[in-house]
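# Fold and geometry: a report
Spelled out from the first residue to the last, the chains are:
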Amino acid sequence: MTKAMWLAGAALCLLCGPVVAQTAAPDRDVQTGVLVFDPAFFADSRPDTALDMIARLPGFNFDGGNSETRGLAGTAGNVLIDGARPSTKSDGLGDILGRISAAGVARIELISGGSPGIDMQGQAVVANVILLRTVTTERVFEAEADILADGHFSPGLTARYARREGDNQIEGSISGYWDRSWGDSEGFRRRFTPAGDLIQDASLASTARNRGVRATAAGQRRIAGGLFRASGLLDWSADTGSQDQVIRSGGGTSSFNTDEEDQFEGEFGLDWNREFGARSGLELTGLQRFASSNSFAGSNNSSGNSNFTSETTTGESIGRAILRFRPSDRWALETGGEVAYNFLDSATAYSEDGIPVPLPSSSVKVEELRGEVFGQATWRPDPTLTLEGGLRVEVSEITQSGDSDLTKSFVFPKVRLQTTWTPRAGHQLRLRLEREVGQLDFGDFTASADINLGQVEGGNPDLEPQKSSVLEAAYEYRFWGEGALLASWSYAAIEDVVDIIPLAGGFDGVGNIGDGIQETFELRLTLPTDRLGISNGRLQLSGNWTSSEVTDPVTGQERAFQNDLDFGCDASFEQDLGDGRWTWGVEHDCNTYRGRVFRVREIRTAYLEPEVSAYLQWKPVGDLTVRVDVENLTDRVRGNDRDLYAGPRNTAPLSLRETRRVTSGPSVEVQVRRAF
């Protein structure tokens, strides 16, 4: 952490001069501590959508939420629309913002550390998109195409309609795509003795194809004194892939691997929000989700074949109620509860040369009944200080039936305390202490396979949720109107770390391996370049350092968490030209990814070279946008290095080392957006 702290100090020394306001600077509401960005702030970039505006907020890192988390608590992203979160999970927050025209946005509020009357949902910073109340009608058509290095053409089409008249809204969209993927890749797989002698050289040629159709609809109007909103989504997709592995030298046999998956997903949500006077309000939410998937993976070679199949259905039913009360402009209280029922029904099968191979938990049904009650209070004793405290208590029962019958019950209290202090304009300190509890992934209860690596993983019903006690501190400095510097540090003491453990039958599976610690430090800088002689430019830099420690369940030695990186970074620059008619940008992730996975008989180290991408955007008229993105300009190499052991790593010798490397070539994406 010494290097990280030195860099943080250097950045602060460079930027700790007086805060200088510019005409593009946001307004600050002194009473609430909220930064307000009106449309004039975004005029130089001429954004098309609310999502484009969010991307331009200085120092704000968009979080679209996590739709895979069960229930609604903890799934929301860090953007509100008219002070509320969308009552949907499958329809991503980024997609929703992308369907809102920038012309329909009155302003965007940036709220740090909490504000009375705003549900932060555990986020330190949220953006609140306030829509115009005037009548607006939007018709948007988008066409795009990926042109891959091999000449393959991948089209996509989207049509959207929306009408807003005060609180009344109606909107819908439909989109379809075909083969929007990395495309084909080529490379090699080489195996070596522990001493480094080459024993096998094989070529790799892979393909990836996918297609899908998605439709969304939503309507909103005043009913029974409250604002009622209904939304729905249907989504179908089909993915196929293959890998042709040809032995060029050494022993072994060539193989051809294929995988296919069909998925269908549906969702329907209802939300009713009513204010009772100026100080209290009630929000009711109901959500129903359903999904099914069928997949097949097969490997064939001259010595035999292996096949893995899976059929899975999942469902989720959620009911949620929130009561809010604001005794004064300095106080806000909130209480409520949520109940959810979730299930996963999965059947998997694995065979070698037509002979079934038993897998741990190959046929299971997992059901969860979960409830949560919560209460929180936000207090702003003066304009420079905000205190937030909350308590959530989660009760759940998870039942598994099928290959094994098991029922587990859990009760988890979750406390959150956060303090935000703004000693003077442009400077803010945040301190958070929180008890976090993860969710069990139902997919870990069932068997799975990675056919390209020749790896089958068993399911494990005997799992405990991962729990963490987190201390986080952050310093935010805003300067030059559009500049922002964020330095944050966090320390987590983690119990029941979820990792890979040995299972019966010689298989690996997901399990708990004990307690660990994880420490992170992050720096993010947004630097407007006008004062450096480059008008309407913006440079963004980020770096993060991670240190973690847990006991390896196989060797008993200390090591890092799965996939943790010591260091990661990213740099980007973009510039608006010609009063926003032209915009160009370039992005570079400046480190080679080296995350590691520790299995019972293997240590796998990922390899991913830095990527350079660039874009050019042209707006010949206000309702037409043409954008060209060039991805993977440097034709980066990706793959992994594997140390394979003859048995468990603590007792068996290293058998061989394997290196995989593939490239896909650059690709060009052309997008045309027209609003009517």
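Below, the structure is looked at part by part.

The rules behind the values
Residues numbered from 1 in each chain as written. Predicted model: local features only at pLDDT ≥ 70, side-chain atom pairs only at ≥ 80, totals over all residues. Heavy atoms only, no water. Helix = DSSP H or I, 4+ residues; strand = E, 2+ residues; numbered from the N terminus. Rg over C-alpha atoms; globule rule 2.2 N^0.38 Å. Buried < 20%, exposed > 50% of the residue type's maximum accessible area, 1.4 Å probe, protein only. Contact = heavy atoms within 4.5 Å. Areas by Shrake-Rupley, 256 points an atom, 1.4 Å probe, with all protein chains shown as cover. Disulfide = S-S within 2.5 Å. Phe/Tyr/Trp six-rings, centres within 6.5 Å; stacked < 30°, edge-to-face > 60°. Lys NZ or Arg CZ within 6 Å of the ring centre and 35° of its normal. Patch = residues over 30% accessible without salt bridge, like charges linked within 9 Å, V, L, I, M, F, W, Y side chains within 5 Å. Salt bridge = Lys/Arg side-chain N within 4 Å of Asp/Glu carboxyl O.

### Describing the overall build of the protein chain
In terms of helices and strands, the protein chain carries three helices and 38 strands. The C-alpha radius of gyration computed for the protein chain amounts to 26 Å, which stays within 12% of the reference 26 Å derived for 676 residues, consistent with globular compactness. Expressed as lengths along the three principal axes of its C-alpha atoms, the size of the protein chain is roughly 70 × 55 × 50 Å. A burial count over the protein chain gives 48% of its 676 residues as buried. Across the protein chain, the fraction of contacts at a sequence separation of at least 24, relative to all contacts at a separation of at least 6, is 64%. Carbon together with sulfur atoms contributes 57% to the accessible area of the protein chain, which is approximately 30,000 Å² in total.

### Some points on the state of the cysteines
Following the criterion strictly, the structure yields one disulfide and no others. Covalent S-S linkage joins Cys569 and Cys590, the inter-sulfur distance amounting to 1.9 Å. Taken together, the positions of Cys569 in strand S30 (residues 567-577) and Cys590 in the loop between strand S31 (582-588) and strand S32 (596-598) put the pair 21 residues apart, joining distant regions of the chain. Judged by relative accessible area, Cys569 falls into the buried class, the value being 12%. Residue class for Cys590 comes out partly exposed when judged on its relative accessible area of 36%.

### Some points on the packing of aromatic side chains
Applying the stated criterion across every chain yields a total of 11 aromatic pairs. Ring centres of Phe479 and Trp480 lie 5.3 Å apart, and the angle between their planes is 75°; this geometry places the pair in the edge-to-face category. Just as Phe479 is buried, Trp480 falls in that class too. Following the ring pairs from residue to residue traces out a cluster consisting of Phe37, Phe41 and Phe42. Lying over the aromatic face of Phe188, Arg190 brings its terminal NZ or CZ to 3.7 Å of the ring centre.

### Concerning the environment of Asp244
The topology assignment puts Asp244 in strand S11 (residues 226-250). The spatial distance from the C-alpha of Asp244 to the C-alpha of Ser206 is 6.3 Å, given a sequence separation of 38 residues. Once residues lying within four places of it in the same chain are set aside, the contact partners of Asp244 are Ser203, Leu204, Ala205, Ser255 and Phe256.

### Describing a nonpolar patch on the surface
A cluster of nonpolar residues, Leu391, Val415, Leu417, Leu431, Leu433, Leu471, Tyr491 and Ile517, forms a patch on the protein surface that exposes about 630 Å² of accessible area. Listing elements by their share of the nonpolar patch, those giving two or more residues are strand S19 (406-424) and strand S20 (427-437). Overall, the relative accessible area of 31% leaves Tyr491 in the partly exposed class.

### Considerations on unusual backbone geometry
Even without being glycine, Asp496 reaches a positive phi, approximately 55°. The topology assignment puts Asp496 in the loop between strand S24 (483-495) and strand S25 (498-502).

### Some thoughts on the pattern of salt bridges
It is possible for side chains of opposite charge to pair when their charged atoms get near one another. Throughout the structure, instances matching the rule amount to 62 salt bridges. The partner of Arg661 in a salt bridge is Asp641, and the shortest N-O contact between them spans 3.1 Å. Note that Arg661 is positioned in strand S37 (residues 654-663) and Asp641 in strand S36 (residues 638-645), a separation of 20 residues in sequence. On the accessibility criterion, Arg661 (13% relative accessible area) is buried. With a shortest N-O distance of 2.9 Å, Asp643 and Arg657 are connected by a salt bridge. On the criterion of sequence distance, the pair formed by Asp643 in strand S36 and Arg657 in strand S37 is long-range, its members being 14 residues apart. On the accessibility criterion, Arg657 (34% relative accessible area) is partly exposed. A single salt-bridge network, built from bridges that share partners, covers Arg189, Arg191, Glu602, Arg604, Arg642, Glu658 and Arg660.

Note that every value here comes from positions in space, so none of it alone points to a role or purpose.
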